[in-house]
Structure formats: C-alpha cells, structure tokens
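Observations on the three-dimensional arrangement
The lines below spell out each chain.
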Amino acid sequence: MIHLQIKELIAAKTVQWGRKITINEVAEATGISRMTLNRIMRNEGYSTVTNHIDLLCSYFECDLNELV
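If you're wondering where the values come from, they're calculated on a predicted model, not measured in any experiment. (Residues numbered from 1 in each chain as written. Predicted model: local features only at pLDDT ≥ 70, side-chain atom pairs only at ≥ 80, totals over all residues. Heavy atoms only, no water.)

The next subject is the overall build of the protein chain. For the protein chain, the count of helices and strands is 5 helices and 0 strands. What you see in the protein chain, going N to C, is helices and strands ordered as α-α-α-α-α. Rg of the C-alpha trace for the protein chain: 11 Å, near the compact-globule value of 11 Å for 68 residues, within the 12% margin. Seen along its three principal axes, the alpha-carbon backbone of the protein chain occupies a region of about 30 × 25 × 20 Å. For the protein chain, the proportion of contacts with a sequence separation of at least 24, taken over those separated by at least 6, is 59%. Here the protein chain has roughly 4400 Å² of accessible surface; of this, 49% comes from carbon and sulfur atoms. Both charge centroids of the protein chain, one from 7 positive and one from 8 negative side chains, sit 11 Å from each other. (Helix = DSSP H or I, 4+ residues; strand = E, 2+ residues; numbered from the N terminus. Rg over C-alpha atoms; globule rule 2.2 N^0.38 Å. Contact = heavy atoms within 4.5 Å. Areas by Shrake-Rupley, 256 points an atom, 1.4 Å probe, with all protein chains shown as cover. Lys, Arg positive; Asp, Glu negative; His and termini not counted. Charge placed at Lys NZ, Arg CZ, Asp CG, Glu CD.)

If you want it as structure tokens, here you go:
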C-alpha cells in the first residue's frame, strides 16, 4: 500500500519556508481539488492519478521518494 506523505511535507515546508502552508494553498497551486487532497491524506492507499503525484512533487520541490 502506498501512502503519500502530504501532511509531513506541509509541516516540513512550513518550517523551511517560514510561513504556514494550508491545504487551500496547495490546492490552488497544484490544481488538485481540496477534497481530493483531503481524501489522499485521510485514506491510506487512496488511489490517485500519477499527474497528481507529479504536481505535488513539483509544488513541494521534492523527489518521488520523499512524497511516497
């Protein structure tokens, strides 16, 4: 089962960027709906499209292994 570590990345980037990052901000920046992001974060093993994974990696400026 694959778990995307969005909560962990938000916490790490909040510290790194020195400001609070919200789900709404991630949703607006990536084009992924807030509802979809919440489902990904709540449901371990939630099936998502690879495009969402790519968008999240780009937003968080991370590699795939940091997200998954």
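There is more to say after this.
Okay, the nonpolar core next. Among the nonpolar cores identified, the biggest contains 19 residues, and Ile 6, Ile 10, Val 26, Leu 37, Leu 56, Phe 60 and Leu 67 are the most heavily contacted of them. For this core, the secondary-structure elements that each account for two or more residues are helix 1 (6–17), helix 2 (23–30), helix 3 (34–42) and helix 4 (50–60). Sort the elements by how many residues they give to this core and helix 4 lands first, with 5 residues. If near-sequence neighbours (up to four positions away) are discounted, Leu 67 is found in contact with His 3, Leu 4, Gln 5, Ile 6, Leu 9, Ile 53, Leu 56, Cys 57 and Cys 62. (Core = buried A, V, L, I, M, F, W, Y, C linked by side-chain atoms within 4.5 Å. Buried < 20%, exposed > 50% of the residue type's maximum accessible area, 1.4 Å probe, protein only.)

Attention now goes to helix 2. For helix 2, the complete set of buried residues consists of Ile 23, Val 26, Ala 27 and Thr 30. Down the axis of helix 2, the buried side of the element spans an arc of 100°, and every buried residue falls inside it. Exposed and oriented more than 90 degrees from the buried face of helix 2 are Glu 28 and Ala 29. Those residues of helix 2 that are buried are in contact with helix 1, helix 3 and helix 4. (Arc of directions from axis to C-beta.)

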